[in-house]
Each structure stands twice: as C-alpha cells, then as structure tokens.
Amino acid sequence: MSAQDRYDVVVVGGGPAGATAAHDLAKAGRKVALLDKAGRIKPCGGAIPPRAIRDFDIPQHLLKCRVNMATMISPTNKRVDMPIDGGYVGMVDRLEFDEFLRARAADAGATRVTGTYVRITRENGETLVHYTPKGSVAEEVLHTKLVIGADGAVSKVGRQEVPGAEKIPMVFAYHEIVETPPQNPNRCEIYYRGALSPDFYAWVFPHGPTMSVGVGSAHKGFSLRGAVADLRAETDLGPLKTIRGEGAPIPLKPLKRWDNGRDVVLAGDAAGTVAPASGEGIYYALLGGRLAAEACDECLKTGDVKALGLAAKRFFKDHGRVFWVLGLLQRFFYASDRARESFVKICLDPDVQRLTWESYMNKEYPKRNFVAQMRIFFKDVAHLLRLA
C-alpha cells in the first residue's frame, strides 16, 4: 500500500454535507476521498436562504427561481400570504445542485470514488473504509485516518459507529416533480391539513421549469402517494406531466453527539440536522459539512480526537435555540387541524412574518425589536392555552 492510496479523511456521501466537507478539506490541503453512490436524487423542496448563497459561494445560475412570497393554507382553506420584504428564497434542483458541489470538491483536489459504503474496520492503526465500486460486487478498501459520515438520514456509518444514531425521529417524504404550468410559475404553497399530512405538511414549490409537489408524515400506513395525488387534483396540477417521483426519510431532531470519540464524525442528515417544523435541511447540511471538516482538520493538526466533538458543539451554540423553538412549534401546532388553523392565523401577524423571514434568511434569531418578540410570544401562548 503506497502513500498515494492513503487518505487523511474519507467522506462517505456526496450530498451537500459530504461534498462541502470534502471541498473544504481539500482546500485546506488535506488528502480526501469522496465516496458517493452517484445518480440518486433526494426528495427535497430545494429551498436555500441568502445566507447559504453567501457563505458557500453558490452561483446564481443554480437558482431556478427566486421566491418572494409563500402562501400558508389552513385546514379550512384560509390562505395567508407571507411576503418576503426585501429578500428572497432561492430554489435549486437537487440533481444539478448536488453534482455541482461534488464537482467543485473534485476541482479543489478531492478524489471522487463512485461506490456503495459497506463498513469500517481498523487495522495497524489505520481506519479502513470498505465499499463496493459501482458495477462490481467485490469489496475494495480506502485507508484513512478519519471518516465523515454524510450518508443520509438512515446513515450506515452512524448506525455502525455512533451510539444513538438509530434513534433519530423521522418524517417520511414523497414528492413528484411535474412540469410547471404557464400561469403562476413561482407559486409557493404550504398546506397544513390533516387529510394531506396528519403530523407535518404538504407543499407546492417552484423550480423554474418544474415544480415539486410533495408531502411528509411520520405516521406508518399513511399514503404519501395518495396525499400527493389528492393535492395535485385539488390544485389543478394533476394533468401536468410527471417527470419523476422520489421518496426518503427526513430526520427531525439532531443527535446530541455526532462523533464516536475515535475516528468518525457525522454531518448533515446523518447527524439529524434538519429543522423541525419546516423540514429545512440544505443550509444545515452545508454548514454541518463545513463544521465536520473543521473538526477533522483540527484533529489532524493536534492529534486530539476530542476535536471531533467541536462540530456538534459549534452547531448547537449557534442554532440550538432555533431548533428547540421549532421543535415546540411542531409539537403543539401540528397536533390537530384545530391547532393548524390557529398556526396559520398567527401567520397573519406582520411581526410574525417579518421575524420569521429575518430568522430564515439570515439563520440568526433576531436580537432586535424586543417588543415585537414579546407580543408574538404572548399571542402564541394565548393560542396554545385555547388548544389545551
């Protein structure tokens, strides 16, 4: 085994988290391999906030459209428009977006390896990543010092290496990509109705020439495909050509610990970093990949495996509060149609709209306008008490 066959870090999974980690490590001068199945498209609304575009140098040509308003729709079909004052949400196609990130990592110096992860073993002080190359059944091995597991919600790396990874709560999502109708191409709608989702929501999101029509639920036995069919029929999207359909689990609570204390750290969906209530994951995947890369780089510099814990520590310092608030929101307001009706009604409040979009676009809980925040808090408490 030559030095050329050994890596500082092997990244398992080439979605936004894994591709970002590989890119950052390669730019830092580390020898890194990016192991990815290639070809799989994750079901995703495709929304990314301006901060993601800024922080991760996302080129404008990847934005299929810019959304400046979302419409919230209650169980009784009340519609609340939430305009984005002075901002927008970028919408990407994951097929193109993810491949761009992987190619950028390779351009920075990462070695792309196409195959399926099998397991991790250790031998003579090295960590061995076993995988089967695409089109083969024979296992091959990548020799490395550290591993970043960015292999999705049901992470094989996480389940094998990080205690508790198998206990992340999930929502199962299914969507269909359809051709965009000529009228209202930037339509962005979120449906809060138990018939479409008993515990989450359904959506219509624009992607330029196509649209994502989907639904999520954690209830076993609930027909996601049936709900999407119902939504398409209700919204006059049924006759449109279906380009593809995709389904996958989406985690809704981050792991408290992302590393195994030895040679593995998780990132993205594998670490559970999808925002509760909204299901937003792209920004947090990009960030998780960067934090995992920084933790690995620090570990390689110092030889201290405790550095692997920095990824989770830094994430929760900056975003733990928002995840906690969103978790409460989902718990109380997604519990019944009566609760959902109250939730959509709250969205009429201009202060709620402004603070929601400020928080979303900048990924920071607004520190100013304390009076508005207190007013929102007491309004929410009043709604919750009426639900009790």
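All of these numbers come straight from a predicted model, not from anything done at the bench.

Q: Just to check I follow, could you spell out helix α1 (residues 16–27) for this structure?
A: If you check α1, its first and last C-alpha atoms are 16 Å apart, about what 12 residues at 1.5 Å a residue would give, namely 16 Å. Most of α1 is tucked away, with 11 of its 12 residues classed as buried. Those residues of α1 lying buried are P16, A17, G18, A19, T20, A21, A22, H23, D24, L25 and A26. On the buried face of α1, the contacting elements are β1 (6–12), β2 (32–36), α3 (94–107), β10 (140–149) and α6 (282–302).

Q: Would you mind showing me how to read the nonpolar core here?
A: What tends to happen in soluble globular proteins is that the nonpolar side chains get buried as a cluster. Counting residues in each nonpolar core, the largest one holds 105 residues, and the members touching the most others are M72, V129, I148, W258 and L266. Residues in contact with W258, not counting those within four places in the same chain, are V162, V264, V265, L266, A271, T273, A311, A312, F315 and F316. Listed in part, the 15 residues of the second largest apolar core include I73, L196, A227 and L231.

Q: When you look at the pattern of salt bridges in this model, what are you seeing that I'm missing?
A: When the charged atoms of two side chains with opposite charge come close together, those side chains can pair. According to the stated counting rule, one finds 26 salt bridges in the structure shown. Close ionic contact of D55 with R51 constitutes a salt bridge, the shortest N to O distance being 2.8 Å. With a gap of 4 residues between them, D55 and R51 both fall in helix α2 (residues 50–55), about one helical turn apart. Classification of D55 as partly exposed rests on a relative accessible area of 31%. Put simply, D36, E99, R102 and R112 are held in one network by salt bridges that share partners.

Q: Would you mind showing me how to read the side chain of R340 here?
A: With respect to the helices and strands, R340 occurs in helix α8 (residues 337–346). Not counting residues up to four positions away in its chain, the partners in contact with R340 are P75, Y192, R193, G194, S197, P198, D199, F200, F333 and Y334.

Q: Even after reading the chapter, I still don't get the confidence of the model for the protein chain, so can you show me in this structure?
A: Where the model shows low pLDDT, its predicted coordinates should not be examined in detail. Of the residues in the protein chain, 92% have a pLDDT of 70 or more, and the chain-wide mean is 88. Mean pLDDT across the elements of the protein chain ranges from a minimum in helix α10 (residues 370–387), with 48, to a maximum in strand β16 (residues 264–266), with 98. Segment residues 383–388: pLDDT under 50, and 12 contacts once partners within four positions in sequence are set aside and those in other chains are kept.

Conventions we followed
Residues numbered from 1 in each chain as written. Predicted model: local features only at pLDDT ≥ 70, side-chain atom pairs only at ≥ 80, totals over all residues. Heavy atoms only, no water. Helix = DSSP H or I, 4+ residues; strand = E, 2+ residues; numbered from the N terminus. Expected span 1.5 Å × (residues − 1). Buried < 20%, exposed > 50% of the residue type's maximum accessible area, 1.4 Å probe, protein only. Contact = heavy atoms within 4.5 Å. Core = buried A, V, L, I, M, F, W, Y, C linked by side-chain atoms within 4.5 Å. Salt bridge = Lys/Arg side-chain N within 4 Å of Asp/Glu carboxyl O. pLDDT = per-residue confidence, 0-100.

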